[in-house]
Amino acid sequence: MENTALQTTNETRLSQIGDTSGKLGELAGLIAGLLGENFKPTLPATDYDAGIILDWLRSGKKAECPNTRREYLRDLTHPATGFLTFIGGKPLSFVSRQDTQNFRRVLGEVTIPATDRREAHSLAVSTQRRMMASVKGLLTHASGIGLLQFNAGKGVALPSLPSSKRDKALRHSDSLRMLMTAQHRAEEETGKRRAIRRRDYLLNKLCYLTGGRISEITHLKWAHLYATDAGGEWKLMGKGSKERLIRIPPELFAELMAERGERQATDDDYVFVSAKGKAKGKPLSISQCWRIITDTAKAAGLQKKFRPHSWRHSLATQLLDGGAP
């Protein structure tokens, strides 16, 4: 009964998003721009569905945040785990609540195959929650403005988070061990290899001492750093286009400025750049930062899984343990 009621698309709804012809091509171009030409997306079934997705991406705060739109598009169109892949080419107007519930269940069961960079793994609960939130957000938007007759995501709960994130955080002693390991690796190298290890050390240290998100750090330019009487500050636009100022301790700020002088970098240059291949001189990608930080953790002898975001968990947990509000 539910799907039968969804089969009729009222032509007057097109006035909400205008002419939808060519929207599949427009969406494919947006995906290529945000996720790269090598990403092979599962596109929606029709231009009309592509128009719905584009209208959703251009609404609210996500319209001003490329990082958010990139992750939402990945959640929808990934060739292995995307929602459009899961529904197998079904038009959005035919999607049922059961489809959405089944997608939620499958996310908890899927295993991502091993690669040369990472072993086989399941999706983190936080990732599952974000992916479900993406799907529910799209369906809620489309039904809310009359583009779909039924919200197939309504009533489908997000996966529950673990009761505590403390297990993701490092102790203060382990944090120092990671930084000392990164520093020693830089001091033991010479030439170009030393410059790379020095970059990796500063990347880990900035992540830890500022609690910056890795997506923010990859976009950091020298123009965003300012000297102050207490060391330095980092001015950035965070989530929701909110301006934030992050204090940088004097020792770290001095190390960063020394690095800038050695590279003779300009204000428009990125702080953390790739040193190899076609990407040389371009900002590090999030996946490159992931590899650098996990490699440092292994070299330091840490047993637990450690990711870029683990630095934020570690800083927050250590501040709370130290009596901070």
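See above for the structure.
How each quantity is defined
- Residues numbered from 1 in each chain as written.
- Predicted model: local features only at pLDDT ≥ 70, side-chain atom pairs only at ≥ 80, totals over all residues.
- Heavy atoms only, no water.
- Salt bridge = Lys/Arg side-chain N within 4 Å of Asp/Glu carboxyl O.
- Helix = DSSP H or I, 4+ residues; strand = E, 2+ residues; numbered from the N terminus.
- Buried < 20%, exposed > 50% of the residue type's maximum accessible area, 1.4 Å probe, protein only.
- Core = buried A, V, L, I, M, F, W, Y, C linked by side-chain atoms within 4.5 Å.
- Contact = heavy atoms within 4.5 Å.
- Expected span 1.5 Å × (residues − 1).
- Polar contact = N/O pair within 3.5 Å; in protein donor to acceptor, adjacent residues only side chain to side chain.
- Axes fitted to C-alpha atoms, helices over the stretch in contact; angles between N-to-C directions.
- Parallel < 35°, antiparallel > 145°, perpendicular 65-115°, else oblique.
- Left-handed = near helix turned anticlockwise from the far one by under 90°.

Trainee: In this structure, what is going on with the pattern of salt bridges? I would like to understand it.
Mentor: For side chains bearing opposite charge, pairing can occur when the charged atoms are close. Under the criterion given, the structure shown has 18 salt bridges. Residue arginine 58 pairs with glutamate 26 through a salt bridge whose shortest N-O separation is 2.3 Å. Within this pair, whereas arginine 58 is found in the loop between helix H4 (47-57) and helix H5 (66-77), its partner glutamate 26 is found in helix H3 (residues 23-35), the two being separated by 32 residues in sequence. Of the charged contacts in the structure, one is a salt bridge between glutamate 255 and lysine 205, with a shortest N-O distance of 2.9 Å. A residue pair is termed long-range when its members are at least 10 positions apart, and glutamate 255 in helix H12 (residues 250-263) and lysine 205 in helix H10 (residues 191-210) qualify at 50 residues. What makes glutamate 255 buried here is its relative accessible area of 11%. By relative accessible area, which is 7% here, lysine 205 ends up buried. Members of the salt-bridge network, linked through shared partners, are Arg70, Glu71, Arg74, Asp75 and Arg130.

Trainee: What am I meant to see in the nonpolar core here?
Mentor: Generally speaking, nonpolar side chains in soluble globular proteins are found buried as a group. In this structure, Met178, Leu203, Leu225, Trp234, Leu256, Phe272 and Trp311 are the most contacted members of the largest nonpolar core, which totals 34 residues. If you list the elements that add at least two residues to this core, you get helix H9 (172-188), H10, helix H11 (214-217), strand S4 (231-237), strand S5 (243-248), H12 and helix H13 (286-299). Among the elements that make up this core, the one with the highest residue count is H10 (six residues). Filtering out sequence-adjacent residues up to four positions away, phenylalanine 272 remains in contact with Arg199, Leu202, Leu203, Leu206, Ile217, Leu220, Lys282, Pro283 and Leu284.

Trainee: What is the right way to look at H13 in this model?
Mentor: One turn of an α-helix holds 3.6 residues; hence residues three or four places apart share an orientation. With 14 residues, H13 ought to run about 20 Å at 1.5 Å a step, and its terminal C-alpha atoms sit 20 Å apart, in line with that. Looking only at H13, the buried set comprises Gln288, Cys289, Ile292, Ile293, Thr294, Thr296 and Ala297. In the core, the buried residues of H13 are packed alongside H9, H10, H11 and helix H14 (308-321). Remark: glycine 301 follows H13 within two positions and exhibits a positive phi of approximately 80°.

Trainee: Honestly, H10 in this entry has me stumped. Any pointers?
Mentor: With 20 residues, H10 ought to run about 28 Å at 1.5 Å a step, and its terminal C-alpha atoms sit 29 Å apart, in line with that. Burial runs high along H10: 14 of the 20 residues are buried. Among the residues trailing H10, glycine 211 stands out with phi positive, at a value near 70°.

Trainee: Explain the side chain of threonine 77 to me, please; I cannot follow it from the model alone.
Mentor: By secondary structure assignment, the location of threonine 77 is in helix H5. At a separation of 2.7 Å, a polar atom in the side chain of threonine 77 contacts the main-chain carbonyl oxygen of leucine 73. With sequence-adjacent residues up to four places away left out, threonine 77 is seen in contact with Ile31, Phe39, Lys40, Pro41, Thr42, Gly82, Leu84 and Thr85.

Trainee: How do you make sense of the packing of helix H7 (residues 97-109) against helix H8 (residues 125-144) when you look at a structure like this?
Mentor: For the pair H7 and H8, the least separation of the axes is 10 Å and the interaxial angle reads 165°. The orientation of H7 relative to H8 falls into the category roughly antiparallel. Classified by chirality, the crossing of H8 by H7 is right-handed. Across the interface between the two elements, Thr100, Phe103, Arg104, Leu107 and Gly108 of H7 pack against Gln128, Met131, Met132, Val135 and Leu139 of H8.

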